[in-house]
Amino acid sequence: MIKTPSGVEIEAVPLDNQYRSNLRGLLTRIRKLYEAMEDRFGEDGLALIRDVSSQYGKEIAARVHSREGEIDIHAVAKFLVKVFNGMRSEGEIVEWTDHRVVIMVPACPYPFTRPQTCAAHTAMEEALVKGLNPSLNYTIERCIPRGDKECWHVLSQAGNRSV
């Protein structure tokens, strides 16, 4: 915390409110940086976002894989939920089978407005899922930036590719 001079007081914001507000601001800033990269560099900017996001997902997967080995669809889904919860995402699991899990998120935490930016960013989740279990696919079946009311983050067995 920043120390203030004697007699100078700054109102304390409850930690949960502070965290939520700061995180929302950072996520919006990331979206704006992504959009600026795309505006300035076009497809090269989107490729950079995809590359960095994918590499980050692979790094996370390698750490988890070294501790736990290959994990099944349900364990991967639970790990994704932990990632989403860390971003203060709302939502719910709307499908849970041995071949398919759907995590519904009603509002984008970033908040993305361009489908191509969302797709480049979520290369992280795709790389993470593949790194945790190469037999799984990760797709976004419904996407708010594409005009849907909610996002559906879908895990499926490789033989059961999502629509």
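Here goes a summary of the coordinates provided. Bear in mind the structure is a predicted one, so any value in this text is a computation, not a measurement.

Things to note about the overall build of the chain
Then, number 1: From N to C terminus, the chain includes five helices and four strands.
Then, number 2: Ordering the α and β elements of the chain from the N terminus gives α-α-α-β-β-α-α-β-β.
Then, number 3: Restricting the contact set of the chain to residue pairs at least 6 apart, pairs at least 24 apart contribute 60%.
Then, number 4: Split by element, the accessible area of the chain, about 10000 Å² in all, is 54% carbon and sulfur.
Then, number 5: The averaged location of the 22 negative side-chain charges in the chain is 3 Å from the averaged location of its 21 positive side-chain charges.

Topic: the sheet that holds strand β3 (residues 136–142)
Then, number 1: Read from one edge of the open sheet, four strands run β1-β2-β4-β3, paired in antiparallel fashion. At either end of the open sheet lies a strand with only one pairing partner, and these are β1 (92–96) and β3. Neighbour to neighbour, the strand axes of the sheet diverge by 20° on average, direction disregarded.
Then, number 2: One ladder, built from six bridges, connects β3 with strand β4 (residues 151–157); its direction is antiparallel. Residue pairing for β4: Asn137 is matched across the bridge by Ser156.
Then, number 3: In the packing of helix α3 (residues 73–86) onto the sheet, contacts are made with β1, β2 (100–105), β3 and β4, and the angle to β2 comes to roughly 15°.
Then, number 4: Across the sheet, helix α5 (residues 123–132) is in contact with β3 and β4; its angle to β3 comes to roughly 150°.

Focus: the packing of aromatic side chains
The geometry of two aromatic rings is summed up by the distance between their centres and the angle between their planes.
Then, number 1: For the structure on display, the rule yields two aromatic pairs.
Then, number 2: Both rings, one in Tyr34 and one in Phe112, keep their centres 6.1 Å apart while their planes meet at 10°; by these two values the pair is stacked. Within this pair, whereas Tyr34 is found in helix α1 (residues 15–41), its partner Phe112 is found in the loop between β2 and α4 (115–121), the two being separated by 78 residues in sequence.
Then, number 3: We classify Tyr34 as buried; its relative accessible area is 14%.
Then, number 4: Residues Tyr110 and Phe112 carry aromatic rings whose centres are separated by 4.9 Å and whose planes lie at 10° to one another, so their mutual orientation is stacked. In this pair, the class of Tyr110 matches that of Phe112, namely buried.
Then, number 5: Grouped by ring-pair contacts, the aromatic residues Tyr34, Tyr110 and Phe112 constitute a single cluster.

Some remarks on unusual backbone geometry
Then, number 1: Note the cis peptide between Tyr110 and Pro111, where omega equals -25°.
Then, number 2: Of note, Pro111 is situated in the loop between β2 and α4.

Observations concerning the nonpolar core
Then, number 1: Residues Val76, Leu80, Leu128, Val129, Leu132 and Leu155 are the most contacted members of the largest nonpolar core, which totals 33 residues.
Then, number 2: Among the elements of the structure, α1, α2 (43–68), α3, β2, α4, α5, β3 and β4 are those that each provide at least two residues to this core.
Then, number 3: When residues of this core are assigned to their parent elements, the largest contribution, six residues, is made by α3.
Then, number 4: In contact with Val76, not counting residues within four places along its chain, are Ile71, Val129, Leu132, Asn133, Leu136 and Leu155.

Calculation notes
Residues numbered from 1 in each chain as written. Predicted model: local features only at pLDDT ≥ 70, side-chain atom pairs only at ≥ 80, totals over all residues. Heavy atoms only, no water. Helix = DSSP H or I, 4+ residues; strand = E, 2+ residues; numbered from the N terminus. Contact = heavy atoms within 4.5 Å. Areas by Shrake-Rupley, 256 points an atom, 1.4 Å probe, with all protein chains shown as cover. Lys, Arg positive; Asp, Glu negative; His and termini not counted. Charge placed at Lys NZ, Arg CZ, Asp CG, Glu CD. Pairing = 2+ DSSP bridges. Axes fitted to C-alpha atoms, helices over the stretch in contact; angles between N-to-C directions. Phe/Tyr/Trp six-rings, centres within 6.5 Å; stacked < 30°, edge-to-face > 60°. Buried < 20%, exposed > 50% of the residue type's maximum accessible area, 1.4 Å probe, protein only. Core = buried A, V, L, I, M, F, W, Y, C linked by side-chain atoms within 4.5 Å.

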